[in-house]
Amino acid sequence: MATNTDIVNLALRRIGATRLTNLASDTTKEAQVARDLFPEVRRDCLNLHTWNFAIKRAQLTASATDPTFGYDYAYPLPDDFIRMVSVHPHDDDEASVPYRLEYQEGDDRVLLTNSNQIYIRYVFDLDDVNVWSAAFRDVLAFQLARDMGAALGLSASLAELTDRAFHRKLARAKAIDGLEDWPEQMAEGSWSTSRHPDVSRA
């Protein structure tokens, strides 16, 4: 079973820094920096892509406060919300509805829409290392290495090398994650049907 300490040690190894025994209890400068950075780096990496392992579904409850103008309903977003994947007016993946994500006083971030019910798919703040894909763990370790290197005062050349490696790993992880998706069938529009009429009608 992987742990947060394992991820941090991967990052430290990539910048030639001292490894940790336990992220939660070590008192070294490396441990203090890692504890400060780890939650934010995790959220940042989750926000970089619609990772399949971190998507979940929810039906939202409308706020008691209506939007000031423009939309009929405001729906507070879940506390663990990171990034929107899709929004639906009912429990049908193929249905969609116009919306905006904004701030509303008293509710923080909300989804604004004219639909009187809302279902969403979204990337959430998943902190279980063992649910993350191996490629994502690699991405997070490289971003953590880059950010920790800067905080620990390592050389600019090492920071540049680590940043380039991070972007390579991110592109690879996105590609691997995309291969796990079932291709979504787009609805056929009038342009398509006009150019490709039903042969049975010929």
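Data block above holds the structure.
Here's a quick rundown of the structure. (Residues numbered from 1 in each chain as written. Predicted model: local features only at pLDDT ≥ 70, side-chain atom pairs only at ≥ 80, totals over all residues. Heavy atoms only, no water.)

Description of the side chain of Glu 30
Right, so step 1: Of note, Glu 30 is situated in helix H2 (residues 29-46).
Right, so step 2: Although Glu 30 is buried, it makes no salt bridge; Lys 29 carries the closest opposite charge, 7.7 Å away.
Right, so step 3: Those residues in contact with Glu 30, other than ones at most four positions away along the chain, are Leu 12, Ala 17, Thr 18, Leu 20, Met 148 and Leu 152. (Helix = DSSP H or I, 4+ residues; strand = E, 2+ residues; numbered from the N terminus. Buried < 20%, exposed > 50% of the residue type's maximum accessible area, 1.4 Å probe, protein only. Lys, Arg positive; Asp, Glu negative; His and termini not counted. Salt bridge = Lys/Arg side-chain N within 4 Å of Asp/Glu carboxyl O. Contact = heavy atoms within 4.5 Å.)

Considerations on the packing of aromatic side chains
Right, so step 1: Tallied over the entire structure, the rule returns 6 aromatic pairs.
Right, so step 2: On the numbers, 5.2 Å between centres and 70° between planes, the contact of Trp 51 with Phe 136 is edge-to-face. Of this pair, Trp 51 sits in the loop between H2 and strand E1 (55-60) while Phe 136 sits in helix H3 (residues 134-151), and the two are 85 residues apart along the sequence. Of the two residues examined, Trp 51 and Phe 136, each falls in the buried class.
Right, so step 3: For the pair Trp 132 and Phe 136, a centre-to-centre distance of 5.3 Å together with 70° between the ring planes defines the contact as edge-to-face.
Right, so step 4: Judged by relative accessible area, which is 3%, Trp 132 ranks as buried.
Right, so step 5: Using a relative accessible area of 0% as the deciding quantity, one classes Phe 136 as buried.
Right, so step 6: The positively charged end of Lys 56 is found above the aromatic ring belonging to Phe 124, 4.5 Å away from the centroid.
Right, so step 7: Cation over ring: Arg 146 sits above Phe 166, and NZ or CZ is 4.7 Å from the ring centre. (Phe/Tyr/Trp six-rings, centres within 6.5 Å; stacked < 30°, edge-to-face > 60°. Lys NZ or Arg CZ within 6 Å of the ring centre and 35° of its normal.)

Quick notes on the sheet that holds strand E3 (residues 81-88)
Right, so step 1: Spatially, the 3 strands line up as an open sheet ordered E1-E6-E3, and their pairing is antiparallel. Single-partner strands in this sheet number two, and they are E1 and E3. Averaged over all pairs of adjacent strands, the angle between strand axes in this sheet comes to 35°, irrespective of strand direction.
Right, so step 2: Direction of pairing for E3 relative to strand E6 (residues 118-124): antiparallel, over a ladder of 6 bridges. When the bridges of E6 are listed, Ser 86 appears paired with Arg 121. (Pairing = 2+ DSSP bridges. Axes fitted to C-alpha atoms, helices over the stretch in contact; angles between N-to-C directions.)

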